[in-house]
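Coordinate analysis (summary)
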Amino acid sequence: MAKKPSDLLNGSTVGGSAFAQVTAGILWFMMLTGLIILTSLPGFVAGFFLAPVPGNLPLAFLCLLPVGPSASAALFAWRRRDVEGTDLIPGGHFWRGYRLNALDVLKWWVPYLLLLAVMAFVSVNISVSGWPPQLVWAFVVIAVLLTLIAAHLMVVTSLFSFRTIDAVRISLLFVFKHWRATLAYACLVAAMGLLTRWPGDWVIAVFSSVFAFWWLRLARAEIDNVMTQFVPPQPSTDDPAGNGWPEG
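Residues numbered from 1 in each chain as written. Predicted model: local features only at pLDDT ≥ 70, side-chain atom pairs only at ≥ 80, totals over all residues. Heavy atoms only, no water.

**A closer look at the overall build of the protein chain**
- Regarding its fold elements, the protein chain presents 12 helices and 0 strands.
- From first element to last, N terminus to C terminus, the protein chain shows the α and β order α-α-α-α-α-α-α-α-α-α-α-α.
- A total of 248 residues make up the protein chain; the buried ones form 40% of that total.
- Element-wise, carbon and sulfur atoms account for 73% of the exposed surface of the protein chain, whose accessible area totals about 13600 Å². (Helix = DSSP H or I, 4+ residues; strand = E, 2+ residues; numbered from the N terminus. Buried < 20%, exposed > 50% of the residue type's maximum accessible area, 1.4 Å probe, protein only. Areas by Shrake-Rupley, 256 points an atom, 1.4 Å probe, with all protein chains shown as cover.)

Here's what the structure looks like:
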């Protein structure tokens, strides 16, 4: 029996036809892009008024504070789509992920951005600080390593419930254990950096849900690893929190 329109609007999975799947997929990309931009808007607005000078680089990192919870919510929503099937309520999954994960993500996202901001501040003032110029290259290496750890950490904290210290330990392990994913994350970050330089930041915002979608695709092996190695067996009833138990 065909589903009624009201069934679809209440979140039932869409039909199996190619047209229905493509249409629903477009809806997901558009809705999640809009929600990512909306929840990251304070940082976008602040960044818009920053002059493109080296001295504002630390402030530019701090403008990324709202992006962490937004990216986490997008990863959560895409994961729910993979597990539960495609429906017509991507916004509901996004806001659920935002509510569940924002605090856990900010516990490590804020220190991460502060470290980048401090290193950027020292680097742009290295000539007047009296410190050796070689320190800048050390900061670059540290920033790259921290970013790759953060890429794994975002997946772990978005899809599972761990203590922050445990999530960091798992992510440190995965940087080397899942080196293919780490290399893919590095390519993804490099692509985003190039797009930021040309044609501009707005491209990252417009394609933010696409980046989140591929981010999750690249993380499949480590998600399976977490579920088999670090998550206790799933109980007979669904986890009320919806976060921290295997989802498949």
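So much for the structure itself; the text now carries on.
**Describing the nonpolar core**
- Phe94, Trp108, Met154, Val155, Tyr185, Trp215 and Ile223 are the most contacted members of the largest nonpolar core, which totals 47 residues.
- Mapped onto this core, the elements with two or more residues apiece are α2 (18-48), α4 (67-84), α5 (90-124), α7 (135-159), α8 (164-177), α9 (179-197), α11 (208-218) and α12 (220-229). (Core = buried A, V, L, I, M, F, W, Y, C linked by side-chain atoms within 4.5 Å.)

**Regarding the packing of aromatic side chains**
- Evaluated as defined, the whole model comprises 12 aromatic pairs.
- Taken together, a centroid distance of 5.5 Å and an interplanar angle of 45° make the contact between Trp109 and Tyr112 tilted. In this pair, Trp109 and Tyr112 both sit in helix α5, 3 residues apart, roughly one turn of the helix.
- Looking at Trp109, the relative accessible area reads 10%, which means it is buried. (Phe/Tyr/Trp six-rings, centres within 6.5 Å; stacked < 30°, edge-to-face > 60°.)

**Some remarks on the pattern of salt bridges**
- A full pass over the atoms with the stated rule returns 5 salt bridges.
- Across the pair Arg80 and Glu84 runs a salt bridge, and its minimum N-O distance is 2.5 Å. In this pair, Arg80 and Glu84 are both assigned in helix α4, 4 residues apart and thus about one turn of the helix distant.
- On the accessibility criterion, Arg80 (9% relative accessible area) is buried.
- By relative accessible area, which is 38% here, Glu84 ends up partly exposed.
- Among the salt bridges present, the one from Arg217 reaches Asp82, with a minimum N-O distance of 2.2 Å. Taken as a pair, Arg217 in helix α11 and Asp82 in helix α4 lie far apart in primary sequence, 135 residues in all.
- Through salt bridges with shared partners, a single ionic network connects Arg163, Asp166 and Arg169. (Salt bridge = Lys/Arg side-chain N within 4 Å of Asp/Glu carboxyl O.)

**What about α4?**
- The terminal C-alpha atoms of α4, which comprises 18 residues, lie 26 Å apart, in line with the 26 Å expected from a rise of 1.5 Å per residue.
- The element α4 is largely enclosed, with a buried count of 14 among its 18 residues.
- Two residues or fewer after α4 comes Gly85, characterised by a positive phi angle close to 95°. (Expected span 1.5 Å × (residues − 1).)

**Section: the side chain of Ser171**
- With respect to the helices and strands, the residue Ser171 is situated in helix α8.
- Given the relative accessible area of 0%, Ser171 is considered buried.
- A distance of 3.3 Å separates a polar side-chain atom of Ser171 from the backbone nitrogen of Leu153.
- Within the structure, the side chain of Ser171 is placed 2.9 Å from the backbone oxygen of Ala167, a separation counted as a polar contact.
- Contact partners of Ser171, with chain neighbours within four places excluded, come to Ile149, His152, Leu153 and Val156. (Polar contact = N/O pair within 3.5 Å; in protein donor to acceptor, adjacent residues only side chain to side chain. Contact = heavy atoms within 4.5 Å.)

**Overview of α2**
- Bending of α2 peaks at approximately 65° at the position of Leu41, with proline Pro42 no more than four residues after it.
- Looking only at α2, the buried set comprises Ala24, Gly25, Trp28, Leu32, Thr33, Leu35, Ile36, Thr39, Ser40 and Gly43.
- Looking at the packing, one finds that the buried side of α2 touches α4, α5, α10 (201-206) and α11. (Bend = angle between axes of the 7 residues up to and from the residue.)

**Re the confidence of the model for the protein chain**
- In this model, the protein chain carries a mean pLDDT of 85, and residues with pLDDT of at least 70 account for 88%.
- Across the protein chain, element-level confidence peaks in α8 with a mean pLDDT of 96 and bottoms out in helix α1 (residues 5-9) with 34.
- Counting interchain partners and residues more than four positions distant, the pLDDT-below-50 stretch residues 1-11 has 11 contacts. (pLDDT = per-residue confidence, 0-100.)

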